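Next come the chains, spelled out residue by residue.
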Amino acid sequence: MDFLQNHIEALIFCTPTPIKTADIKACLSEMFNADVPEEDIQGAIQRLDEKFQGEEFSFQLFKSSGGYQFLTKPAYQASIGIMLKQQSKKRLSTSAMETLSIIAYKQPISKTEIENIRGVNCDYAVQKLLDKSLIEITGKADTIGRPMLYGTTPKFMEYFGINDLAELPIPKDFVAEVNTIGENPETETTTTPDPEPDAQI
C-alpha cells in the first residue's frame, strides 16, 4: 500500500480549492516529522492522475491555479446539473414563505411594510427570495426615503404552478380591513369600544 499516495489523495480530496505542492509538502513533513522530497510527492500525484483516469471513477485529478483538486468528469455534467436544479427547488423556509405570501397579495410593497405585517426583520428572507428570482424590485415608493417596492416574478407563478395571480386563493383575513375584524364592514357601529383595544395582526 502506498501510504504517501493515500495521504496526498486525502489532502487533495478534503480541500475545497486547488492545493499546491508546497502546501502538501509542508503538511506531510510536519506529520511525518521529516522532510518529504518534492519528487516523491510529484510521483505520487502522477500515480493518482493515472489511477483516476479509469472509467470506474466518476471524477479525476485536475491541475488548476498551480494546485490540484478532484473534479467530476465532463460525462457526468448532465446528471449533476439535474441534481443542482432539483436542490434549488427545495421547499422554502417558513420565514421565506410568509414573506413571499405577503408580497404576492400586497404587491407592490416595501420591505418596511412587510416587516410591519410580520413583526420581524425581513432582510434575509427578502434577499433569499431575490436570489431565487421569485420576487423582483418593481420600483420605488413615492413616500419619504423612496423605499424600493417588491413584487412577484413569472418564476413565482411557475414555482407554484399557476398561470395568473388571480388564481391565488383569497385569504379571508385580507377581505376585511385589519381594524374591522369581528365587525360587519357594511354596518356602522356605535358600540362603546372595549377598555383594551383588539390585538393587531
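It should be emphasised that the depicted structure is a prediction, and the values quoted were computed from it without experimental measurement.

Q: It is not clear to me how the pairing of strand β6 (residues 148-152) should be interpreted in this structure. Could you clarify?
A: For a regular strand, the rule is simple: side chains alternate between the two faces of the sheet. The element β6 is extensively covered by neighbouring structure, given that four of its five residues are classed as buried. In terms of strand pairing, strand β4 (residues 109-110) meets β6 through two bridges, oriented antiparallel. Opposite Ser 110, over in β6, you have Leu 149 as the bridge partner. Bridge count for strand β5 (residues 135-140) against β6 is five bridges, and the pairing is antiparallel. Of the residues in β6, the one forming a bridge with Glu 136 is Gly 151.

Q: Can you help me understand the sheet that holds strand β3 (residues 67-72) in this one?
A: In any sheet, the strands associate via hydrogen bonds between backbone groups, in a parallel or an antiparallel arrangement. Overall, antiparallel pairing links the three strands, which are arranged β1-β3-β2 in an open sheet. With partners counted over all chains shown, the strands left at the sheet margins are β1 (19-20) and β2 (59-64), one partner each. Alignment of β2 against β3, held across six bridges, turns out to be antiparallel. Residue pairing across strands places Phe 62 opposite Gln 69, the latter belonging to β3. Lying over the sheet, helix α1 (residues 3-14) contacts β1, β2 and β3, oriented at roughly 70° with respect to β3.

Q: Please clarify how the nonpolar core should be interpreted in this entry.
A: General note: in soluble globular proteins, nonpolar side chains tend to be found buried as a group. Leu 100, Ile 103, Ile 114, Leu 129 and Ile 135 are the most contacted members of the largest nonpolar core, which totals 17 residues. When contributions to this core are tallied by element, the ones reaching two or more residues are α5 (94-106) and α7 (123-131). Look past the residues within four positions of Ile 114 in its chain and what remains in contact with it is Thr 99, Ile 102, Ile 103, Ile 109, Cys 122 and Val 126. The next biggest cluster of nonpolar side chains, apart from the first, holds 16 residues, and it includes Ile 8, Ala 44, Ile 45 and Leu 61.

Q: Mind showing me how you'd approach the packing of α5 against α7 here?
A: Between two packed helices, both the angle of their axes relative to each other and the distance between the axes serve to describe the pair. Close contact between α5 and α7 brings their axes to 9 Å; oriented N to C, the two are set at 75°. Between α5 and α7, the crossing angle belongs to the class labelled roughly perpendicular. Only Ala 125, Val 126 and Leu 129 of α7 make contact with α5, whose side of the interface consists of Ser 95, Ala 96, Thr 99, Leu 100 and Ile 103. Residues of the contact of α5 with α7, tallied by class, amount to six nonpolar, two polar and no charged.

Q: Teacher, can you tell me more about the confidence of the model for the protein here?
A: Parts of the model with low pLDDT should not have their predicted coordinates read in detail. Summing up the model confidence of the protein, the mean pLDDT is 83 and the portion of residues at 70 or higher is 82%. pLDDT under 50 marks residues 174-201. Its contacts with residues more than four places away, or in other chains, come to eight contacts.

Rules used in this analysis
Residues numbered from 1 in each chain as written. Predicted model: local features only at pLDDT ≥ 70, side-chain atom pairs only at ≥ 80, totals over all residues. Heavy atoms only, no water. Buried < 20%, exposed > 50% of the residue type's maximum accessible area, 1.4 Å probe, protein only. Helix = DSSP H or I, 4+ residues; strand = E, 2+ residues; numbered from the N terminus. Pairing = 2+ DSSP bridges. Contact = heavy atoms within 4.5 Å. Axes fitted to C-alpha atoms, helices over the stretch in contact; angles between N-to-C directions. Core = buried A, V, L, I, M, F, W, Y, C linked by side-chain atoms within 4.5 Å. Parallel < 35°, antiparallel > 145°, perpendicular 65-115°, else oblique. Nonpolar A, V, L, I, M, F, W, Y, C, P; charged D, E, K, R; others polar. pLDDT = per-residue confidence, 0-100.

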